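Structural description and commentary
Each chain, letter by letter, is given below.
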Amino acid sequence: MDRIRIRGGNKLNGTIPISGAKNAALPLMIASLLTDEMLRLKNMPQLADVLLLQRILRNHGTDTSVFGKRAGENNENGETVGLMAADIVDTVAPYNLVSKMRASFWVLGPLLARCGEAKVSLPGGCAIGTRPVDLFLMSMEILGAEIDVDAGYVVAKAKNGLHGGRIVFPKVSVGATHCAMMAATLAKGETVIENAAREPEVGDLASCLVKMGAQIEGIGTSSLHIQGKDRLHGAEHTVLADRIETGTYALAVAMTGGDVTLTGTSTQLLDAFIAKLIEAGVNVEAVDNGIQVSRNGTNLMPLSIETQPYPGFPTDLQAQIMALMTMANGTSTIRETIFENRFMHVQELARLGADISLQGDTALVHGVKKLHGAEVMATDLRASVSLVIAGLVARGETILHRVYHLDRGFESLEAKLSACGADIERISD
Ligand code: EPZ
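What you see is a predicted model; the values in this text were computed from it and never measured.

As for the overall build of the chain
Scanning the chain from terminus to terminus reveals 14 helices and 24 strands. Computed over the C-alpha atoms, the radius of gyration of the chain is 22 Å, within 12% of the 22 Å expected from 2.2 N^0.38 for a compact globule of 429 residues. Reported as C-alpha extents along the three principal axes, the dimensions of the chain are approximately 65 × 50 × 45 Å. For the chain, the proportion of its 429 residues judged to be buried stands at 55%. Taking as baseline every contact in the chain between residues at least 6 positions apart, the subset at least 24 positions apart corresponds to 73%. Only carbon and sulfur atoms are counted for the fraction: they give 47% of the accessible area of the chain, which is about 16,400 Å². Separation of charge centres in the chain, based on 39 positive and 47 negative side chains, amounts to 3 Å.

Observations concerning the site of the ligand
Lining the immediate surroundings of the ligand are 22 residues, of which Asp-134, Ser-173, Asp-316, Ile-338 and Arg-382 lie closest. At a separation of 2.6 Å, an oxygen atom of the ligand approaches a polar side-chain atom of Asp-316. Arg-382 places a polar side-chain atom, nitrogen or oxygen, 2.7 Å from an oxygen atom of the ligand. Coverage of the ligand by the protein amounts to 90% of the 830 Å² it exposes when considered alone. Mapped by element, the contributors of at least two residues to the shell around the ligand are helix H1 (22-31), helix H5 (134-142) and helix H6 (174-185). In terms of residue count, the dominant contributor to the shell around the ligand is H5 (3 residues). A class-by-class count of the residues in the shell around the ligand yields 10 nonpolar, 4 polar and 8 charged. Residue contributions to the shell around the ligand reach at least three from each of two domains, namely domain 1 (3-19 + 241-427) and domain 2 (22-238).

Some thoughts on the domain arrangement of the chain
Taken domain by domain, the chain consists of domain 1 (3-19 + 241-427) and domain 2 (22-238). Of note, the centres of domain 1 and domain 2, computed from C-alpha atoms alone, are 30 Å apart. On the side of domain 2, 21 residues touch domain 1, which itself brings 22 residues to the contact. Here domain 1 is connected to domain 2 by 2 salt bridges. We note a salt bridge from Glu-201 to Arg-243, for which the minimum N-O separation is 2.8 Å. Per-element accounting of the side of domain 1 that touches domain 2 gives the leading share, 3 residues, to helix H13 (residues 404-409).

What to know about helix H9 (residues 271-279)
Along H9, the positions that sit buried rather than exposed are Phe-273, Ile-274 and Leu-277. One face of H9 carries all of its buried residues, which in axial projection span an arc of 95°. Contact partners of the buried residues in H9: helix H8 (243-256), strand E16 (283-287), strand E17 (290-295) and helix H10 (318-325).

Here we look at the nonpolar core
In this structure, Leu-108, Met-140, Met-181, Leu-209, Phe-273, Leu-413 and Leu-417 are the most contacted members of the largest nonpolar core, which totals 146 residues. Per element, the largest residue contribution to this core is 8 residues, and it comes from H8. Residue-level mapping places this core at the junction of two domains, with at least three residues from each of domain 1 (3-19 + 241-427) and domain 2 (22-238).

Let's talk about helix H4 (residues 108-115)
Judged by how many residues are buried, H4 sits mostly within the fold: 6 of 8 residues are covered. Within the sequence span of H4, burial applies to Leu-108, Gly-109, Pro-110, Leu-111, Leu-112 and Ala-113. In the core, the buried residues of H4 are packed alongside H1, helix H2 (48-60), strand E7 (117-121), H5, strand E9 (153-157) and H6. Two residues or fewer after H4 comes Gly-116, characterised by a positive phi angle close to 75°.

Topic: the packing of aromatic side chains
Under the criterion given, the structure shown has 2 aromatic pairs. Between Phe-105 and Phe-136 the ring centres are 5.2 Å apart and the planes differ by 85°, which places this aromatic pair in the edge-to-face class. Highlighted residues: Phe-105 in the loop between helix H3 (95-98) and H4 and Phe-136 in helix H5, separated in sequence by 31 residues. Across this residue pair, the class does not change: Phe-105 and Phe-136 are buried. Both rings, one in Phe-273 and one in Phe-313, keep their centres 5.9 Å apart while their planes meet at 50°; by these two values the pair is tilted. Taken together, the positions of Phe-273 in helix H9 and Phe-313 in the loop between strand E18 (304-306) and H10 put the pair 40 residues apart, joining distant regions of the chain. Classification of Phe-273 as buried rests on a relative accessible area of 2%. Taking NZ or CZ as reference, Arg-40 lies 4.2 Å from the ring centre of Phe-67, over its face. Taking NZ or CZ as reference, Lys-119 lies 5.0 Å from the ring centre of Tyr-153, over its face.

Description of the sheet that holds E17
As summarised here, the arrangement of the 4 strands in space is E2-E15-E17-E16, forming an open sheet in which the pairing is mixed. Lying at the two open borders of the sheet, with one neighbouring strand each, are strand E2 (12-17) and E16. Across this sheet, the average inter-strand angle for adjacent strands is 15°, counted without regard to direction. With 5 bridges joining them, E16 and E17 adopt antiparallel strand pairing. Note on E17: the bridge partner recorded for Asn-283 is Ser-294.

Structural notes on the side chain of Thr-62
Looking at where Thr-62 falls in the secondary structure, it is placed in the loop between H2 and strand E4 (63-67). When near neighbours in sequence (up to four residues on either side) are disregarded, Thr-62 contacts Ser-32, Leu-33, Leu-57, Leu-83, Met-84 and Ala-85.

A few points about the pairing of strand E3 (residues 39-42)
The side chains of a regular strand alternate, residue by residue, between the two faces of the sheet. Of the two faces of E3, only the one carrying Leu-39 and Leu-41 is buried; Arg-40 and Lys-42 on the other face are not. Alignment of E3 against strand E5 (residues 80-84), held across 3 bridges, turns out to be antiparallel. Across the sheet, the residue bridging to Arg-40 is Gly-82, located in E5. Taken together, the 4 bridges between E3 and strand E14 (residues 235-238) define a ladder with parallel strand orientation. Within E14, the position partnered with Arg-40 by the bridge is Glu-236.

Analysis parameters
- Residues numbered from 1 in each chain as written.
- Predicted model: local features only at pLDDT ≥ 70, side-chain atom pairs only at ≥ 80, totals over all residues.
- Heavy atoms only, no water.
- Helix = DSSP H or I, 4+ residues; strand = E, 2+ residues; numbered from the N terminus.
- Rg over C-alpha atoms; globule rule 2.2 N^0.38 Å.
- Buried < 20%, exposed > 50% of the residue type's maximum accessible area, 1.4 Å probe, protein only.
- Contact = heavy atoms within 4.5 Å.
- Areas by Shrake-Rupley, 256 points an atom, 1.4 Å probe, with all protein chains shown as cover.
- Lys, Arg positive; Asp, Glu negative; His and termini not counted.
- Charge placed at Lys NZ, Arg CZ, Asp CG, Glu CD.
- Near = heavy atom within 4 Å.
- Polar contact = N/O pair within 3.5 Å; in protein donor to acceptor, adjacent residues only side chain to side chain.
- Nonpolar A, V, L, I, M, F, W, Y, C, P; charged D, E, K, R; others polar.
- Domains from an automatic or database assignment.
- Salt bridge = Lys/Arg side-chain N within 4 Å of Asp/Glu carboxyl O.
- Arc of directions from axis to C-beta.
- Core = buried A, V, L, I, M, F, W, Y, C linked by side-chain atoms within 4.5 Å.
- Phe/Tyr/Trp six-rings, centres within 6.5 Å; stacked < 30°, edge-to-face > 60°.
- Lys NZ or Arg CZ within 6 Å of the ring centre and 35° of its normal.
- Pairing = 2+ DSSP bridges.
- Axes fitted to C-alpha atoms, helices over the stretch in contact; angles between N-to-C directions.

See below:
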């Protein structure tokens, strides 16, 4: 299994291009199930999760074609991906596929809307929490589906098609909003979604659906009004920049010191996060087509952070900012409110010399003067990359195991960091 070796201590200087967002690309790909015409997605990140979802969608009958291949790349990699589900040949999403990637559960909405039926395996829990699907089932029932849960599968039927309805989510859910919004585009009549997730990736999906012929008002707000259409058509859409990748590299620069421009991204995706970075003593400026981040060795100030749905501080940057706070000049408090078990990185950061104590949903991070290299591993994507950030300043050598987590969500991580001066390499056995 691959490992990553980091020798800490180098500052980062240069430019890092930010990729298209994994968490926008996945629902956009699933939206291809809503039409028999081609959906062309540009700025696709080359990630294990994207390749896996291509395979899952092929199982339902989607043809995938890849354009814009770079030299030496295989047939599945390319910056532009065409997805065409001319015929849905199978409305079953089996356990062996859905269990590998939770977002594939979201096919429930489009399959039900287009075919009147879907049988989708329950995704199960994962390392960061139990992650139930009650809000998905509630919203599909409001749109007229009959739902049974049988032998680990959600069996959903809408013989006469879906109809519009008023969905009031009791809790903000990104996935349930994606799924309900996609289903509503082909339901008869008007659907209102209240307390919808406002994450930029939800707005990106909505904009793409509009290009496909959907009628959606309130994009970017927590109240979406959707007029169902008889059919949607093909479209071309550019995947939004990855705000979590942006924030992760901003934190890497904050950690090591140096001066890096992150291109193809925008401060507007990350207001709450950038406010915290500035409070910690990091320089952050909006520049043409990107963000410039620098720190020149001044003390890092401790922070008090609470994760919240957008526009609050993102849970997907909680592990990475904790890595930064391990070196702050004082004690930080980091409260995780979205997932109940998203502190798996704490014990691994401790192996690098961090001083963190947990009190329920809150981590108290006592800043230390130095971190030191060690062998570490993590159980999820964002936790893994927090260890990379810590490894970039840890004295000596850090070896990160279970690199496949990183490959799910960070395109060319080692290449992007080493181009800015980091001593980081992948070791394959
Ligand atoms: C999305 O997951 C992201 N995944 C996650 O990123 C991200 O952490 C999360 O949103 C929150 O921002 C993708 O976009 C592919 P939720 P999602 O439904 O949609 C509870 C990463 O590292 N809930 O917004 O699955 C749930 O348990 C990943 O890239 C219910 O109770 O998250 C959680 O506590 C990890 N019932 C909260 O809502 C439901 O039916 C928010 O989860 C659905 C969710």
